[in-house]
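What follows is the residue order along each chain.
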Amino acid sequence: MTADGASRPRVTAVVLAHGPEPWLVESVRSVLASTAIDPDVVVVDNGGAADQVQAVARLPTVRVLRPGTNTGYAAGCGIGAAAATGEFLAFVNSDAIVTPEALSRLVAVAAEAGVGAATASVRLADRPDLINSAGNPLHFTGLSWAGGHGQPADRHAYRRPAPLFSGACFVIRRDLWHRLGGFAGEYFAYHEDVELSLRLWQQGLRVEYVPDAVVYHHYEFARTAGKSYLLERNRLVTVLTAYQTRTLLLLAPML
């Protein structure tokens, strides 16, 4: 409850755990410390470090789901969202630290008419004055990248529509997520945020970048053979399913 007796928005944050997870506990604690909302957290254990997962399981209003296998990011988020009870869903990377006001500011925008998802001002954790993502761009070939990466945050201090939200931290209404079916499970990992952002725009709903919803991301750019394969595979899946045949024929030389 707020001071005037109004109820706070109920927000379930979905966090996936996989691998060593050195920032998982701090990430979950930052969500629970959010102001002006009523938060809870669903952690989906896709093979995260046992000690870190056990530590977050002991925190209040945290549930840990254990699918028993690595479901991938897209399906794991779906598992977490299916167990959510909040009216809003926040998807927060396990290496992202939300500032106290970030989620409430994202919720306020996501609740507006005509908005499909609200994406955070994601900063580089080791250089918080620099952007990691200020909403992501989309090239007509299906390529996407971290928008504004490495640029001063004050260049991105204004709210605006963005082509794509960043999967590092965004908020969407839970009923809308379920109506659209959430992330497409066949993506496994990478590009699922591109595909869902496109479906929001196709529904006449905007993706909004919220500059004062600040999140610190312990971002590491790594390009393994497996990641490169998934990025390219999923880019082509998106293009082949989102574009009309005549558009594909026109773009074929570039694709």
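Residues numbered from 1 in each chain as written. Predicted model: local features only at pLDDT ≥ 70, side-chain atom pairs only at ≥ 80, totals over all residues. Heavy atoms only, no water.

Sorry, what's going on with the pattern of salt bridges here?
It is possible for side chains of opposite charge to pair when their charged atoms get near one another. All chains considered together, the criterion is met by 10 salt bridges. In this structure, the salt-bridge partner of E208 is R159, at a minimum N-O distance of 2.7 Å. Of the two residues, E208 is situated in strand β10 (residues 206–217) and R159 in the loop between β7 (127–133) and β8 (160–161); the sequence distance between them amounts to 49 residues. Of the charged contacts, one joins E195 and R199 as a salt bridge, the two residues approaching to 2.8 Å between their closest N and O atoms. With E195 and R199 both in helix α6 (residues 192–202) and 4 residues apart, this pair spans about one turn of that helix. Like E195, the residue R199 is buried in the burial classification. When salt bridges that share partners are traced, they join E112, R159, R206 and E208 into one network. (Salt bridge = Lys/Arg side-chain N within 4 Å of Asp/Glu carboxyl O. Helix = DSSP H or I, 4+ residues; strand = E, 2+ residues; numbered from the N terminus. Buried < 20%, exposed > 50% of the residue type's maximum accessible area, 1.4 Å probe, protein only.)

So what exactly am I meant to see when it comes to the state of the cysteines here?
Put plainly, two cysteines are in a disulfide when a covalent bond ties their sulfur atoms together. Using the criterion set out here, one finds 0 disulfides in the structure. The thiol of C77 is unpaired, and the distance to the nearest cysteine sulfur, on C169, comes to 12 Å. Overall, the relative accessible area of 1% leaves C77 in the buried class. (Disulfide = S-S within 2.5 Å.)

Could you clarify how one ought to interpret the environment of A252 in this entry?
Secondary-structure assignment places A252 in the segment after α8 (245–251). Taking relative accessible area as the criterion, A252 reaches 43% and is therefore assigned partly exposed. Spatially, the C-alpha atoms of A252 and G48 are 41 Å apart, while their sequence positions differ by 204 residues.

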